[in-house]
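Coordinate analysis (summary)
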Amino acid sequence: MKAVTWHGRRDVRVDSVPDPVIQEPTDVLVEVTTTGLCGSDLHLYEVLGAFLDEGDILGHEAMGVVRETGPAVHAVDPGDRVVVPFNVSCGTCPTCVQGLQSQCETTQVHAYGMGAALFGYTKLYGQVPGGQAELLRVPFGNTLPVPVPHGPPDDRYVLLSDVLPTAWQAVDYANIPPGGSVAVLGLGPIGDMCTRIARHRGAGTVIGVDLVPERLERAAENGVEALDLARLGSRIVDTVRDLTEGRGPHAVIDAVGMEAHGSPAATAAQRMTSLLPDALAARLMTRVGLDRLHALHLAVDLVRRGGTISLSGVYGGMTDPLPMLTMFDKQLQLRMGQANVLRWMDDLLPLLGDDDPLGVEGFATHHVPLAEAPDAYDMFQRKQDGVVKVLFQP
């Protein structure tokens, strides 16, 4: 089959690789019909190479049609249409039963002290072959794949694999009061969807902050107060307070994460680490790794006293300096974590009818053949051509 594989920093290729096969009685083979390019895939493209091997198959946002099932699978049949959550979770352990599928005790990566395995996402998360491929082996076939109806286009459902539950959890964790205010930092796919979900769930003032004109324009068209950080600079805090009764928003969602703009020293450290031998780079990143924390520091500055910061952007540093004095003094609440995808299905599936309140069918900006994935990665990393969300068709 064809699959997107990692070959080094900013070097992904579409290679011919062996087809996956049924390995366990509860495995399912899915013929992928649509698979997404996620902002966190850019971390693999740019800074996390120490935890990848050449030829690793990337991607964790996939849906398709069941081709084959193991002998113990009874929940889906060949021909069924399914979405594959990015958490590799068993669905039956104590953490899964609590709705914490990102901490699944069955697939936790103990070698690195990490939570549940993820599709297509480094040794830190199990090095499970990913979904940017023509075929995907999915374990736990009775509990993990999410059946969806035949008929509507893939665009309606594929975001269930990551974007929708990640954004829903970020808004839920933000604890915005009815009619309250929220600022979303970063208007990529997760941040954009956060603004839509916040409005849908009753936020009164939704503010979006970004540097990319096309993303700001897109958010403004959906009723968001879109603020250009490049233009406002240090005036961003006062501008947001002017929009929120002088106090700041009730909540701030950081949808940027480790690759925020700013922090030249951390940027240089990340790039230097990517040039080191893998064994040394891995030790450095897991012991003294630094993130570019501009977005998180901005969130602390923006949020009102007693407010909540919700982190959905991925961070990976081990010695990140946080403004603890300010955070304590402002009595902030901080919530974060990988999305627990299956936990939010009952909330999200009813929103995917023909009325499409979240605009999922028009959400993707680019539909690209899988063969053109290397160019799409480069375009997405450079934020060119108004790209917000790329979907591949194998």
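Residues numbered from 1 in each chain as written. Predicted model: local features only at pLDDT ≥ 70, side-chain atom pairs only at ≥ 80, totals over all residues. Heavy atoms only, no water.

What follows deals with the overall build of the chain. The helix and strand inventory of the chain stands at 13 helices and 15 strands. Taken across its 394 residues, the chain has 56% of its residues classed as buried. Sequence-distant contacts in the chain: of pairs separated by 6 or more residues, those separated by 24 or more amount to 73%. Surface exposure of the chain reaches about 16100 Å², of which carbon and sulfur atoms provide 51%. (Helix = DSSP H or I, 4+ residues; strand = E, 2+ residues; numbered from the N terminus. Buried < 20%, exposed > 50% of the residue type's maximum accessible area, 1.4 Å probe, protein only. Contact = heavy atoms within 4.5 Å. Areas by Shrake-Rupley, 256 points an atom, 1.4 Å probe, with all protein chains shown as cover.)

Checked against the element boundaries, Asp254 lands in strand 11 (residues 251-254). There is a polar contact of 2.9 Å between the side chain of Asp254 and the backbone nitrogen of Val256. (Polar contact = N/O pair within 3.5 Å; in protein donor to acceptor, adjacent residues only side chain to side chain.)

All right, on to the pairing of strand 10 (residues 225-228) then. Bridge analysis of strand 9 (residues 205-210) against strand 10 gives four bridges, and the strand direction is parallel. Residue pairing in the sheet places Asp210 in a bridge with Asp228 of strand 10. Regarding topology, helix 5 (residues 213-221) serves as the crossover connection from strand 9 to the parallel strand 10, and that connection is right-handed. (Pairing = 2+ DSSP bridges. Right-handed = clockwise from strand over helix to strand, strands pointing away.)

As a further point, take the environment of Leu118. Relative to the helices and strands, Leu118 is located in the loop between helix 2 (94-97) and strand 6 (135-138). Owing to a relative accessible area of 4%, Leu118 belongs among the buried residues under this scheme. Note: C-alpha distance between Leu118 and His60 (58 residues apart in sequence) is 7.2 Å. Apart from residues lying up to four places away in sequence, Leu118 is in contact with Phe86, Asn87, Val88, Tyr125, Val128 and Gln338.

Membership of the largest hydrophobic core comes to 87 residues, with the highest contact counts inside it found for Leu160, Leu164, Val182, Met193, Tyr377 and Phe392. No other element matches the seven residues that helix 3 (residues 163-174) contributes to this core. When near neighbours in sequence (up to four residues on either side) are disregarded, Met193 contacts Leu159, Val163, Leu164, Ala167, Leu358, Val360 and Phe363. If you look at the next biggest cluster of nonpolar residues, it comprises 22 residues, including Leu227, Ile236, Val237 and Ile309. (Core = buried A, V, L, I, M, F, W, Y, C linked by side-chain atoms within 4.5 Å.)

Before going further, it helps to spend a moment on the confidence of the model for the chain. Of the residues in the chain, 88% reach a pLDDT of 70 or more, and the chain-wide mean stands at 90. Confidence drops under pLDDT 50 across residues 260-277; counting only partners more than four residues distant or on other chains, this segment forms 29 contacts. Taken as a whole, residues 279-291 scores under 50 in pLDDT and shows 38 contacts with residues more than four places along the chain or in a different chain. (pLDDT = per-residue confidence, 0-100.)

Right, let's get into a negative patch on the surface. A cluster of like negative charges, contributed by Glu214, Glu217, Glu221 and Asp385, occupies part of the molecular surface. Examined against the element boundaries, Glu214 turns out to sit in helix 5. By relative accessible area, which is 41% here, Glu214 ends up partly exposed. (Patch = residues over 30% accessible without salt bridge, like charges linked within 9 Å, V, L, I, M, F, W, Y side chains within 5 Å. Salt bridge = Lys/Arg side-chain N within 4 Å of Asp/Glu carboxyl O. Lys, Arg positive; Asp, Glu negative; His and termini not counted. Charge placed at Lys NZ, Arg CZ, Asp CG, Glu CD.)

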